[in-house]
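So you can see what is in the structure, the chains are spelled out below.
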Amino acid sequence: MATEILVNDGGAPARILPFTAGSTVTAGYAVNINSTDSEVDHVATSGSLALGYAFTAATSGNICNVITGHGVMLNVFASGANIGVGTNLGTSTQDGALCAMPATATGNANTLAIALETGSATAALMKVLTR
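I will try to describe carefully the structure that is included in this document.

Cut-offs and rules
Residues numbered from 1 in each chain as written. Predicted model: local features only at pLDDT ≥ 70, side-chain atom pairs only at ≥ 80, totals over all residues. Heavy atoms only, no water. Helix = DSSP H or I, 4+ residues; strand = E, 2+ residues; numbered from the N terminus. Buried < 20%, exposed > 50% of the residue type's maximum accessible area, 1.4 Å probe, protein only. Contact = heavy atoms within 4.5 Å. Areas by Shrake-Rupley, 256 points an atom, 1.4 Å probe, with all protein chains shown as cover. Core = buried A, V, L, I, M, F, W, Y, C linked by side-chain atoms within 4.5 Å. Polar contact = N/O pair within 3.5 Å; in protein donor to acceptor, adjacent residues only side chain to side chain.

1. Focus: the overall build of the protein
A count of helical and extended segments in the protein gives 0 helices and 10 strands. Going residue by residue from the N terminus, the α and β elements of the protein occur as β-β-β-β-β-β-β-β-β-β. Residues counted as buried form 40% of the 131 residues belonging to the protein. Considering only contacts in the protein between residues 6 or more positions apart, those separated by 24 or more positions represent 59%. Of the accessible surface of the protein, which amounts to about 6,200 Å², a share of 53% is contributed by carbon and sulfur atoms.

2. Quick word on the nonpolar core
Ranked by size, the top nonpolar core spans 20 residues in total, and within it Tyr53, Leu74, Ile83, Leu89, Leu98 and Val128 carry the most contacts. Ranked by the residues each element gives to this core, the list is headed by strand β6 (residues 73-78), at 3 residues. If sequence neighbours within four positions are ignored, Val128 has contacts with Val72, Met73, Leu74, Val76, Leu89, Ala113, Ile114, Ala115 and Leu116.

3. What to know about the environment of Thr59
Relative to the elements of secondary structure, Thr59 occurs in the loop between β4 (52-54) and β5 (63-68). As a C-alpha pair, Thr59 and Ser23 span 36 residues in sequence and 5.9 Å in three-dimensional space. With residues up to four places along the chain from it excluded, the contact list for Thr59 reads Ala21, Ser23 and Thr24. In terms of polar contacts, Thr59 uses its side chain to reach the side chain of Asn62, at 2.6 Å.

4. A few points about unusual backbone geometry
Its identity as a non-glycine residue notwithstanding, Ser38 has a phi of 60°, on the positive side. Along the chain, the position of Ser38 falls in the loop between β2 (30-33) and β3 (40-42).

5. A few points about the side chain of Thr130
Along the chain, the position of Thr130 falls in strand β10 (residues 124-130). Classification of Thr130 by relative accessible area gives buried; the value is 6%. There is a polar contact of 2.7 Å between the side chain of Thr130 and the backbone oxygen of Gly69.

6. Concerning the environment of Gly96
Tracing the chain through its elements places Gly96 in the loop between β7 (88-91) and β8 (98-100). Considering only alpha carbons, one finds Gly96 and Asp41, 55 residues apart in sequence, at a separation of 8.5 Å. Residues contacting Gly96, with those up to four places away along its chain left out, are Tyr29, Ala30, His42, Val43 and Phe77.

Pasting the structure below:
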């Protein structure tokens, strides 16, 4: 991948942890842990919480490094032309891509990151600050 997922590698409380991938996982997408097999997959439910973000790509059964922590600057996949700098982001149904949270969700526990760049209509890597 030409763009690194972790933007700041010092000072922030980032942790990179190894998990087994339950399916093909792409670096930069939000992931959660499956309650039945304890393996990670892209988040596929809007509004759900994420374990972290895939730091490395992995295929099913292989190790996927997941980066987690608050106040970490990352390049993650997000989708939505309505994303501007400062927009609260949460999970969508687009296989792990983040999207803008509704205005009524400001401060909501499901807000996972704050956009540090303007988004695009299709899922693309963008800089965010994790919450």
